[in-house]
Amino acid sequence: MSSLTKKDCFIEGHWVPTDKRFSVTNPATGEVLAEVADADEELTQRAINVAETALKSWRKKTARERALLLRKWYEAMMENKQALGELMSAEQGKPVAEAVGEVEYGASFVDWFAGEAERIDGDILPNTDSSKRVMVTKEPVGVCAAITPWNFPNAMITRKIAPALAAGCTIVVKPPQLTPLSSLALAQLASEVGIPDGVINIIPTSDAKSVGKRLATSPTVRKLSFTGSTGVGKILMQQCAEHITKLSLELGGNAPFIVFDDADIEQAAEQLIACKFRNGGQTCVSANRILVQQSIAEKFTDAVVSKVKALKVGPGTEDNVDLGPLIDQDAVDKIQRLVLSAKSDGATIETGGSVMTELGDLFYAPTVLTGVTEEMDISEEEIFGPVVAINTFESEEEGIEKANNTPFGLASYFAAKDTARIFRVSEALEYGMVGVNTGGISHAYNPFGGIKESGLGREGSKYGIDEYLELKTVTLGGLG
Ligand SMILES: O=CCCC(=O)O
């Protein structure tokens, strides 16, 4: 393991051990990678207090000073991307090359928000009273908290820390229990490049419920950003009501991937594979319901099945591996349940459909199902695994109606060539994000987020920093 493997809580620039610890294991091998410090409510409160103290001087730094420190952090991540990628692959399971790609993606948020720090501006507004002027300024929200998921152990952290710091806020991060090592490595690099003590605090824990509640109900925490399930998001929203804490929620999705009869079938199949099998399908923007116009369904399915059969599954450290293991046994059990229940309800398994026991208990074969219907559990639940579930439709209207038939509204995708159709369908889809002829919609410069039960707010992009800023209106009188 590299020197970036840290195992304690990171509070006020120090590594803080705890007596109680929890194990972090490699999902490909079951090997215990580290016994990590287990923060409780008391330590969480200490981290909040530290962030409150650090806020006083951090918010006073000039935008340029904050930007320069963020850029140094970005550079440190890029210099260490291989080590960070290997660490991530060990704790999360994704192939090393993909993990290094995630480090680059994560670092791109730091680079982006270093730029945005210097573009926080204000307004002087016209007033009907000539003796008055109105100045609108933007101020940091204050102490922030972030609760992040295991599927993107680096990028989901930087997507929250970077805008918070750029805006002049300090932050307490509760990383996921399954993959805390990447976040601790990021803290180590932040400290090495001179981000002041107390500005970033990381508190791994096995008690997400109590620590999450403390973060959400602390009157000191003025902003909570959460990425995870809709169920937990709803609980946090209720808890944040206690002190009207500002909240961003990036929750579950049930992304449709619609293939219309005018699509380039080969290109659509390629994009579907890239989208669906990113991180083995364990991505909130993974295509979940594949809706194919009936007249091209056979041709499209053949193209997809032959690509899926060519995917290589194995431990993330092996060369040319496309998919690693799933994160844990619960994930495998859920996918197996969805596939078997779809089969018993009439779907056909074209390829895959089982655990690859020769590789280990957590490796699930890339799977294609046809004959899937809207009523099946696999259409209603977020699969979060390597399963392509193909459903068909006859007309454009029916395709759109099926796509929108969900309480979720995170990502959606469609493939088509006709320009009028592209506008019609983009406008009709009830989603925060639409990918047209692409399965790749995640970039630091894109606003990322959903509508309906998929969440609140946007991350990344020029809009993302607003989540960490408050407007202040200063009315100057007596000028007439
Ligand atoms: O799964 C969460 C988000 C991944 C992404 O940023 O594309």
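Residues numbered from 1 in each chain as written. Predicted model: local features only at pLDDT ≥ 70, side-chain atom pairs only at ≥ 80, totals over all residues. Heavy atoms only, no water.

Going by the annotation in an unreviewed UniProt entry, the name recorded for the protein chain is Succinate-semialdehyde dehydrogenase (NADP(+)), with Idiomarina ramblicola given as the source organism. Listed in UniProt under the heading Sequence similarities (unreviewed entry), the comment for the protein chain reads: "Belongs to the aldehyde dehydrogenase family." (UniProt positions renumbered as here; feature names shortened; annotations may be inferred.)

## A short note on the side chain of Thr 230
By the secondary structure assignment, Thr 230 is in helix 8 (residues 230-240). Setting aside residues up to four positions removed in sequence, Thr 230 forms contacts with Leu 251, Gly 252, Phe 408 and Glu 453. (Helix = DSSP H or I, 4+ residues; strand = E, 2+ residues; numbered from the N terminus. Contact = heavy atoms within 4.5 Å.)

## A word on the sheet that holds strand 18 (residues 411-415)
Two pairing modes exist for strands in a sheet, parallel and antiparallel, and in both the strands are linked by backbone hydrogen bonds. As summarised here, the arrangement of the seven strands in space is 14-15-16-13-12-18-19, forming an open sheet in which the pairing is mixed. For this open sheet the edge positions go to strand 14 (348-351) and strand 19 (433-436), each flanked by a neighbour on one side alone. Averaged over all neighbouring strand pairs, the angle between strand axes comes to 25 degrees, with direction disregarded. Relative to strand 18, strand 12 (residues 255-259) is paired through three bridges, and the arrangement is parallel. The partner of Val 259 across the bridge, within strand 18, is Ala 415. Relative to strand 13 (residues 287-293), helix 9 (residues 265-276) is tilted by about 165 degrees, and along the sheet it contacts strand 12, strand 13, strand 16 (387-393) and strand 18. (Pairing = 2+ DSSP bridges. Axes fitted to C-alpha atoms, helices over the stretch in contact; angles between N-to-C directions.)

## Focus on the state of the cysteines
Applying the stated rule across the entire model yields zero disulfides. With no disulfide of its own, Cys 9 has Cys 144 as its nearest cysteine by sulfur position, at a separation of 20 Å. Looking at Cys 9, the relative accessible area reads 0%, which means it is buried. Here Cys 144 stays free of any disulfide, with the sulfur of Cys 169 as its closest cysteine sulfur at 3.8 Å. For Cys 144, a relative accessible area of 0% puts it in the buried group. (Disulfide = S-S within 2.5 Å. Buried < 20%, exposed > 50% of the residue type's maximum accessible area, 1.4 Å probe, protein only.)

## Brief notes about helix 10 (residues 297-309)
Relative to the 18 Å expected for 13 residues at 1.5 Å per residue, helix 10 spans 18 Å between its end C-alpha atoms, a close match to the ideal helical length. Of all the positions in helix 10, only Ala 297, Phe 300, Thr 301, Ala 303, Val 304, Val 305 and Val 308 are classed as buried. Along its buried surface, helix 10 packs onto strand 12, helix 9, strand 13, strand 14, strand 15 (367-370) and strand 16. (Expected span 1.5 Å × (residues − 1).)

## Observations concerning the domain arrangement of the protein chain
Reports of interface size often rely on the accessible area that becomes lost once the parts have come together. Annotation of the protein chain at the domain level lists domain 1 (9-251 + 454-474) and domain 2 (255-443). Between the C-alpha centres of domain 1 and domain 2 the distance comes to 31 Å. The partner domain 2 presents 25 residues to the 22 residues of domain 1 that form the contact. Summed over both partners, the interface of domain 1 with domain 2 buries about 1800 Å², with 59% contributed by carbon and sulfur atoms. The interface formed by domain 1 and domain 2 contains zero salt bridges. Across the contact surface, domain 1 and domain 2 share seven residue pairs in polar contact (both at pLDDT 80 or more). Of all the secondary structure elements, the ones that give two or more residues to the side of domain 1 that touches domain 2 are helix 3 (81-92) and helix 4 (96-117). Examining the composition of the side of domain 1 that touches domain 2, we find that four residues originate from one element, helix 4, more than from any other. Residues belonging to the side of domain 1 that touches domain 2 are distributed by class as follows: 10 nonpolar, seven polar and five charged. (Domains from an automatic or database assignment. Buried area = accessible area lost by both parts, 1.4 Å probe. Salt bridge = Lys/Arg side-chain N within 4 Å of Asp/Glu carboxyl O. Polar contact = N/O pair within 3.5 Å; in protein donor to acceptor, adjacent residues only side chain to side chain. Nonpolar A, V, L, I, M, F, W, Y, C, P; charged D, E, K, R; others polar.)

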